[in-house]
Amino acid sequence: MGLKKYLNPEHSLPGAISNWHAIPEPELIKILETTENGLDQNIASERLKKFGHNSFKQNVHIRGLLLFLKQFKSPLILILISAAGISLFLEQWQDSIIILAVVVSSAVIGYRQEFNAQKAIEKLKARIVLRSKVLRNGNPHEIPASDIVPGDIVLLSAGSMVPADGRILSSKDLYVNESALTGESFPTEKQTGILEPGIQVTQMSNALFAGTSVRSGVAKILITKTGRETSFGQIAQKLVFRRPETAFEQGVKHFGFLLTRITFVLVIIVFMTNVFVERTTIESLLFAVALAVGIAPELLPAIIAVTLSKGAQRMSEKGVIVRHLNAIENLGSMDVLCSDKTGTLTEDVIRLEKATGCDGKENKSVLNLAFLNAHFETGLNNPLDTAIIERAKLDQLEYRSIIKLDEIPYDFIRKRVTIVTDSGQNIHLITKGAFTQVLEMCDFAKLGDDIVPVSSHIRKELKHRFKNWGNKGYRVLAVADHMFVKAENRYPETYSKENEHGFTFRGFLIFSDTPKLNVNKTLKTLHEFGTEIKILTGGNRFVSRHLAKTLGLKSRIVLTGEDIEKMSDEALYKQVNEISVFAELDPNQKGRIIRALRKNDLTVGYIGDGINDVNAMWEADISLSVDSAVDVAKAAADMVLLEKDLSVLNSGIEEGRRTFANTLKYIFTTSSANFGNMISMAIASAFLGFLPLLPKQILLNNFLSDLPALAIATDHVDRETLKSPQKWNVHFIRNFMVFFGLISTLFDLLTFAILLFIFQAGPDLFRTSWFLVSLLTEIGIIFVVRTRGSAFKSRPSQWLLYTSALTIILTIILIYLPLYELTGFVPIGGFIFFTLILISMSYLFVTEWLKGWFFMRMG
């Protein structure tokens, strides 16, 4: 049997290995036909062709089919199709076919709009590629995570997303966030080893899984399963993972509930009334359901998708890639933007100005210690190490005779990293990190050539220097070390954070990172948009206060992580609005601040690029990151900035508000003229000896009036609308629907009276005339409600004008074509036609006049 005992005969790789957590590592490497130095590049390419990309996505054809079927999920549409089917069975051929044709045509339009929007977004998202470091031919390479195959050796560090399921070959102080897989929020410790067969995924301490992320430490893993064969991929096939609903999604849902209640009542009343006046059951049902479909904004999902995708494409042109479409509206409604200072408010060109001893004078030995620490560190890439190495190159420092033995990786509790080196004669532990956390592990300090105990006086002096540099805007790290003489044979065999004590404080590293040139102008524009900036940083309070003062932010009080730890959630909730600068925070405290801001009914954004920002990003209404961020931060982001420049957010906020406003235009249109027209027909059907419109005519009217609505995504938005955050208000929409719906109904009833009592119109002429008036008013009302100002001064987009004009021309042509058997329309005389135009124009002028009063009183 040999290695075959581990293979599942029903499958080929990558799902072929069972109990791979229980197989000795050398045997697992043989089974996967790889080596500890990774795959040969040619073999990796062949496996990629064989097993496909490392992705959870559904086949594009399956997704397209599901999207098309989604167009028919409305109960009203299903009832309408069923009723048309019954009518077909009763040999009412023409009406049934027209009804079904209109329903299918609406579905096709909705499908094409949504499908094209999805394709456009997929193209944009492809520009943000999550990458992984793999060994190929023995050398490390960064490749797209989607190109990883079974047998790859992947190198992970803090902030890395785990790209696929794999077995740990080596690790150090490895803690992993598995909440995406297990729901457990606390990091899980992982290490090498062999476990018992048949255990649960949550018990596999020697394995890492796709969808999880490295919280701290380093690891080398052997990939066993990719894509939909992974544990996360198996779950993804059964479940649809959704982020919490955005404020916009909640608003759409509440609006849907409002319409559902109205529609349900309307269908019951109209159906019962028509049955009562002795119309056939099937005719009454078709009429009632067709009216309900006329009220329902069935193209709303397509309108939203098109509007959002257009917004996303415009934002991409300005350097912002949208990963989650619905976040665009949240960006537009954002009241507060929280940011770490590095790279977004500052230039992110960090320079090591000097390395000093405890006395504040430049000290080359401190620079040398920092260089060794930065050079050998593997756990967390950061610009401070880059600055140290660049400075060391200028000073021609070297490390030839020194060997790295071990590393105690950085984490956000200790806020320091320790490197263990062997110089031949000595074992040397070198630590650099945040001043307070380094000082607390030191019992001694080096003053000149002497090593002395850290007295209260020395501690006070060191803190004084640290504070002074911070108040000048410099970022300060501390350096410490501990030496073991190998000949004395007293050094530990293994190293961990328990060894970080009894060190000698050696000195300081002084870094500069100046504010961006135009950031003050950017912050001023954000303020004009109604968006306030708050700084949430792990950096020290003195640097943060200096930066806030430079940027003109209110910073009378700086709230630190230590202060927040002592506060209750209620106390933080009451104070958080008044504070602009929060410093010395750990990741959980950032999350607490975001929650407190949201509890104040604020829409909160957070921009971050490090693993310490992920908690806050998940808590925020809208999360942003940058293309150079760690994988886990990019994966958590709703939007990714291609450059670390806040100025593009001004355009993004404006785009979000434009998108929100255009979506509301469609809702206002359908909830005013449409609502009024359908109520009018419901009233008329109870008193007329015939139906005011046939079901097929109602659906055709609804179909034609929706064509211009598709162009709303391209419409212009008034500058006044863009100046303040936009919020959903279902109460306001309900008032809008009732007020403008009643105006529409009054004019409808006036039209009915003129047609019946002046022109003595019969059923066919009445229906044709009313069809024309209904369509003209539904298209015309778009131009009235698209602006809160004067409709004559606000310029609509060309597409909206063209599609509206073409739809009106098409309608008139349809009326005068000899298609009575299909449509039930008859030609309208010139005087009646002129009268109908006059009624429609009067309705639009009156609505425009009353609109000002409504917005003054209600808006």
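None of the values given here were measured: they were computed from a predicted structure.

Caption draft 1: The environment of Val558, seen in detail. Position of Val558 among the secondary structure elements: in strand E19 (residues 558-560). Separated by 16 residues in sequence, Val558 and Phe542 have C-alpha atoms that sit 8.9 Å apart. If we skip the residues at most four places from it in the chain, Val558 touches Arg541, Arg545, Asp563, Val581 and Ala583.

Caption draft 2: Looking closely at the packing of aromatic side chains. Applying the stated criterion to the full structure yields 27 aromatic pairs. Between Phe668 and Phe732 the ring centres are 6.1 Å apart and the planes differ by 70°, which places this aromatic pair in the edge-to-face class. Pair noted here: Phe668 is in helix H23 (residues 647-687) and Phe732 is in helix H26 (residues 730-758), with a separation of 64 residues, a long-range link. Owing to a relative accessible area of 8%, Phe668 belongs among the buried residues under this scheme. The buried category is assigned to Phe732, whose relative accessible area is 10%. Centre to centre, the rings of Phe690 and Phe766 are 5.5 Å apart; their planes meet at 75°, and the pair counts as edge-to-face. In this pair, Phe690 sits in the loop between H23 and helix H24 (695-709) while Phe766 sits in helix H27 (residues 763-785), placing the two residues 76 residues apart along the sequence. Ring pairing ties together the aromatic residues Phe668, Phe732, Phe736, Phe739, Phe740, Trp853, Phe854 and Phe855, which thus form one cluster. Looking at Lys599, its charged tip hangs above the ring of Tyr573, at a distance of 4.9 Å from the centre.

Caption draft 3: Structural context of the side chain of Glu655. Position of Glu655 among the secondary structure elements: in helix H23. For Glu655, a relative accessible area of 2% gives the class buried.

Caption draft 4: Looking closely at the pairing of strand E15 (residues 450-453). As paired elements, strand E14 (residues 442-447) and E15 share four bridges and run antiparallel to each other. The residue of E15 that forms the bridge with Leu447 is Asp450. Between E14 and E15, which pair antiparallel and follow one another directly, the connecting turn spans two residues, one of which, Gly448, has a positive phi of 65°.

Caption draft 5: Structural detail: H24. A rise of 1.5 Å per residue sets the reference length of H24, with its 15 residues, at 21 Å; its end C-alpha atoms lie 22 Å apart and thus fit the reference within 8%. Most of H24 is tucked away, with 14 of its 15 residues classed as buried.

Caption draft 6: Quick look at the nonpolar core. By size, the foremost hydrophobic cluster in this structure holds 73 residues, and its most contacted members are Leu291, Met681, Ile698 and Phe766. Those elements that provide at least two residues to this core are helix H8 (247-276), helix H9 (281-295), H23, H24, H26, H27, helix H28 (798-816) and helix H30 (830-858). Once residues within four sequence positions are removed from consideration, Ile698 is found in contact with Phe287, Ala290, Leu291, Met678, Met681 and Leu693. In terms of nonpolar packing, the next biggest core, distinct from the first, is built from 66 residues, Leu331, Met567, Val581 and Ala620 among them.

Reading guide: rules and limits
- Residues numbered from 1 in each chain as written.
- Predicted model: local features only at pLDDT ≥ 70, side-chain atom pairs only at ≥ 80, totals over all residues.
- Heavy atoms only, no water.
- Helix = DSSP H or I, 4+ residues; strand = E, 2+ residues; numbered from the N terminus.
- Contact = heavy atoms within 4.5 Å.
- Phe/Tyr/Trp six-rings, centres within 6.5 Å; stacked < 30°, edge-to-face > 60°.
- Buried < 20%, exposed > 50% of the residue type's maximum accessible area, 1.4 Å probe, protein only.
- Lys NZ or Arg CZ within 6 Å of the ring centre and 35° of its normal.
- Pairing = 2+ DSSP bridges.
- Expected span 1.5 Å × (residues − 1).
- Core = buried A, V, L, I, M, F, W, Y, C linked by side-chain atoms within 4.5 Å.

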